[in-house]
4 protein chains.
Amino acid sequence: MTYSTEFTVRFGEIDPARVVYYPRFFHYFHQAFESWFENALGVPYGKVLEDHNIGFPSVHVETDFKRPLRYGEKVRIDIDLLEIGKRSITVRYTAVRLPDGEVSAVSTIKTAAIRNDTFKSVDIPDDWRERFEKFKSGQK
Amino acid sequence: MTYSTEFTVRFGEIDPARVVYYPRFFHYFHQAFESWFENALGVPYGKVLEDHNIGFPSVHVETDFKRPLRYGEKVRIDIDLLEIGKRSITVRYTAVRLPDGEVSAVSTIKTAAIRNDTFKSVDIPDDWRERFEKFKSGQK
Amino acid sequence: MTYSTEFTVRFGEIDPARVVYYPRFFHYFHQAFESWFENALGVPYGKVLEDHNIGFPSVHVETDFKRPLRYGEKVRIDIDLLEIGKRSITVRYTAVRLPDGEVSAVSTIKTAAIRNDTFKSVDIPDDWRERFEKFKSGQK
Amino acid sequence: MTYSTEFTVRFGEIDPARVVYYPRFFHYFHQAFESWFENALGVPYGKVLEDHNIGFPSVHVETDFKRPLRYGEKVRIDIDLLEIGKRSITVRYTAVRLPDGEVSAVSTIKTAAIRNDTFKSVDIPDDWRERFEKFKSGQK
């Protein structure tokens, strides 16, 4: 299953080369990640941190930037859950320009499971493993 | 006494009109505010929050934008402490382009004193009143 | 007529006091301004700049911050066009927490009309005056 | 030769987990990149874009995040030029916490050479190749 969100490139996101400042792609990906928790996995990310006392900080990132995005363009972020490890998950983010479907960037991000209060690595709790697997099993 | 900090306008701060995106001026002012606590008032702002359990959120802002700033320009922020109230301080920030001294923006920002853990308004503690007055008395 | 947009407070917008970093409110207001152009005035702001060769930079800002916003909260920004001058418009932004309707911040922002290529102040062009007046006449 | 810049983690860069929001590391790296052009390669990046009509957008990024950074911490970014290709350079950024020298993040970023006005890939111009090689030859 692929989870997708859409947005419009905003004025404050452009750099002097007149394209999206590349660090902002990671902000786009994190916003998509938050949206995925809230809308597909069923728990807003704030509740994950506070009530479940776990967090998912990024530990490894690999990204290819293929085409720049410009002011006012519509963008879709596709989220695919590639791997559920013992203590981490690996998610692929694809930024697609709309309506022509050109891929702008692809990023594979591994996030560790940690206890939010101590920042120590932990096994993914069973209820979270189930949520992730349920989502993943929907994928082709 | 005027406290001043300097910096260079960065790539990621420009908007499609090729000038600094105006919300970023408030980020500049806050960074100058943090620098003022650390270098002139003698306590890094992080310690103010954690060890002294007080914070100074902005409650009223008035700003005039006079000239835009462009990529690569050098800027000085001047901080003047205008008023020390019972439960607030009022600070003026002046953004000056270097080396020609043209004023880019002037902002007067009132910040309330609050307990950091409860976010409730409190009287400015005596030790902080002293720090602020010592700084202000240096002003002409 | 009031134009409104809604969004959710994101992870990357929070500061160490666990509330929205106040400069980001101005980013929220600018995003609402862009949405207003696209959805209510009928021209995406990027086209305003490029095809119409005008821009609306902020020249005077007055803001009251009343209640902080926290991670995950839903927010509505209400836009009211207060005044259409010869060479400027004045817009009020009200940030309202949902669903309880508590007002978080109110900002009145005067933006000058300029030629986008020269950054010189100009009279508001007639077609834009009409768009603004049509919007304003809908207001109570 | 390693080029280094230092800065302090600011209030507006922290997320609800009380550490630097990870997309901001890429903003740190870009600021270090700009500082490197201005102070080590001898041309401010703004002049590179405008007068030399070239740009260096990121095309491939690989990053390991090892330890989070917290509010108020001092950080050094070390820049090492790993490779000078025909149409790209590859730079490693190491974010080091001060004063203890703990490595927080390591990122290897390949940037293409492009003409700034057309965004088309170009060979690295000879004068730039020389600047990069002169810098690289200083490396152990």
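The structure displayed is predicted, hence computed values, not measured ones. (Residues numbered from 1 in each chain as written. Chains lettered and ligands numbered in written order. Predicted model: local features only at pLDDT ≥ 70, side-chain atom pairs only at ≥ 80, totals over all residues. Heavy atoms only, no water.)

### Describing the interface of chain A and chain D
Phase 1: Contacts between the two partners involve 23 residues from chain A and, on the opposite side, 23 residues from chain D.
Phase 2: At the boundary of chain A with chain D, total buried surface from both sides reaches about 2100 Å², with 59% on carbon and sulfur atoms.
Phase 3: When residues of chain A are sorted by the area they lose upon contact with chain D, A:Y21, A:Y22 and A:F119 head the list and together hold 26% of the total.
Phase 4: Inspection of the region where chain A meets chain D yields zero salt bridges.
Phase 5: Remark: the boundary between chain A and chain D carries ten residue pairs in polar contact (both at pLDDT 80 or more).
Phase 6: Going through the elements one at a time, α1 (23–41) and β3 (58–65) of chain A are the ones with two or more residues in the side of chain A that touches chain D.
Phase 7: Ranked by residues supplied to the side of chain A that touches chain D, first place goes to β3(A) with eight residues.
Phase 8: Looking at the side of chain A that touches chain D residue by residue, the class counts come to 14 nonpolar, six polar and three charged.
Phase 9: Pairing between β3(A) and strand β3 (residues 58–65) of chain D: five bridges, direction antiparallel. Paired with A:T63 across the bridge in β3(D) is D:V61. (Contact = heavy atoms within 4.5 Å. Buried area = accessible area lost by both parts, 1.4 Å probe. Salt bridge = Lys/Arg side-chain N within 4 Å of Asp/Glu carboxyl O. Polar contact = N/O pair within 3.5 Å; in protein donor to acceptor, adjacent residues only side chain to side chain. Helix = DSSP H or I, 4+ residues; strand = E, 2+ residues; numbered from the N terminus. Nonpolar A, V, L, I, M, F, W, Y, C, P; charged D, E, K, R; others polar. Pairing = 2+ DSSP bridges.)

### A short note on the interface of chain C and chain D
Phase 1: Across the boundary between the two partners, chain C contributes ten residues, which contact ten residues of chain D.
Phase 2: Area buried by chain C at its contact with chain D is led by C:F11, C:P16 and C:R18, which between them contribute 56% of it.
Phase 3: Counting every contact that joins chain C to chain D gives zero salt bridges.
Phase 4: Linking chain C with chain D are four residue pairs in polar contact (both at pLDDT 80 or more).
Phase 5: When grouped by side-chain class, the residues that make up the side of chain C that touches chain D number six nonpolar, one polar and three charged.

### Brief notes about the sheet that holds strand β6 (residues 103–112) of chain B
Phase 1: In spatial order, the strands read β1(B)-β4(B)-β5(B)-β6(B)-β3(B)-β3(C)-β6(C)-β5(C)-β4(C)-β1(C); together these ten strands make up an open sheet with antiparallel pairing. Edge positions in the sheet fall to β1 (3–8) of chain B together with β1 (3–8) of chain C, since each has one partner strand and no second. Direction aside, the axes of adjacent strands within the sheet are offset by 20° on average.
Phase 2: Two elements, strand β3 (residues 58–65) of chain C and strand β6 (residues 103–112) of chain C, share seven bridges in a ladder whose sense is antiparallel. Pairing of C:V61 across the sheet is with C:I109, part of β6(C). (Axes fitted to C-alpha atoms, helices over the stretch in contact; angles between N-to-C directions.)

### Overview of the relation of the copies chain A and chain D
Phase 1: Screw-axis analysis of chain A against chain D gives a translation of 0.0 Å along the axis, an RMSD of 0.0 Å, and a rotation angle of 180°. Such a combination of turn and shift is consistent with a two-fold rotation axis. Scanning chain A for the C-alpha nearest the rotation axis identifies A:E62, at a separation of 2.2 Å.
Phase 2: The overlap is high: 100% of the interface residues of chain A also sit at the interface in chain D, so the same surface is used on both sides. (Least-squares fit on C-alpha atoms with pLDDT ≥ 70 in both.)

### Comments concerning the nonpolar core
Phase 1: With 186 residues, the main nonpolar core has A:W36, B:W36, C:W36 and D:W36 as its most contacted residues.
Phase 2: The residues touching C:W36, leaving out its near neighbours within four places in the chain, are C:Y3, C:L41, C:I79, C:L81, C:I89, C:V91, C:F132 and C:F135. (Core = buried A, V, L, I, M, F, W, Y, C linked by side-chain atoms within 4.5 Å. Buried < 20%, exposed > 50% of the residue type's maximum accessible area, 1.4 Å probe, protein only.)

### Comments concerning the sheet that holds strand β4 (residues 74–84) of chain D
Phase 1: In space, the ten strands of this open sheet follow the order β1(A)-β4(A)-β5(A)-β6(A)-β3(A)-β3(D)-β6(D)-β5(D)-β4(D)-β1(D), with antiparallel pairing throughout. Strand pairing shows two members of the sheet lacking a second neighbour, β1 (3–8) of chain A together with β1 (3–8) of chain D, which therefore form its edges. Taking the axes of each pair of neighbouring strands and ignoring which way they run, one obtains an average angle of 20° across the sheet.
Phase 2: Of the strands in this sheet, β1, β4 (74–84) and β5 (88–98) of chain A are in contact with helix α3 (residues 126–137) of chain A, which crosses β4(A) at around 115°.

### Considering unusual backbone geometry
Phase 1: Put simply, B:L98 and B:P99 share a cis peptide bond, and its omega is 0°.
Phase 2: Residue placement: B:P99 occurs in the loop between β5 (88–98) and β6.
Phase 3: Non-glycine residue A:N53 carries a positive phi angle of around 55°.
Phase 4: As for its placement among the helices and strands, A:N53 is situated in the loop between α2 (45–50) and β2 (54–55).

### Topic: a negative patch on the surface
Phase 1: Together, A:E62, A:D64, D:E62 and D:D64 give the surface a local cluster of negative charge.
Phase 2: When contributions to the negative patch are tallied by element, the ones reaching two or more residues are β3 of chain A together with β3 of chain D.
Phase 3: Within the secondary structure layout, D:D64 lies in strand β3.
Phase 4: Using a relative accessible area of 32% as the deciding quantity, one classes D:D64 as partly exposed. (Patch = residues over 30% accessible without salt bridge, like charges linked within 9 Å, V, L, I, M, F, W, Y side chains within 5 Å. Areas by Shrake-Rupley, 256 points an atom, 1.4 Å probe, with all protein chains shown as cover. Lys, Arg positive; Asp, Glu negative; His and termini not counted. Charge placed at Lys NZ, Arg CZ, Asp CG, Glu CD.)

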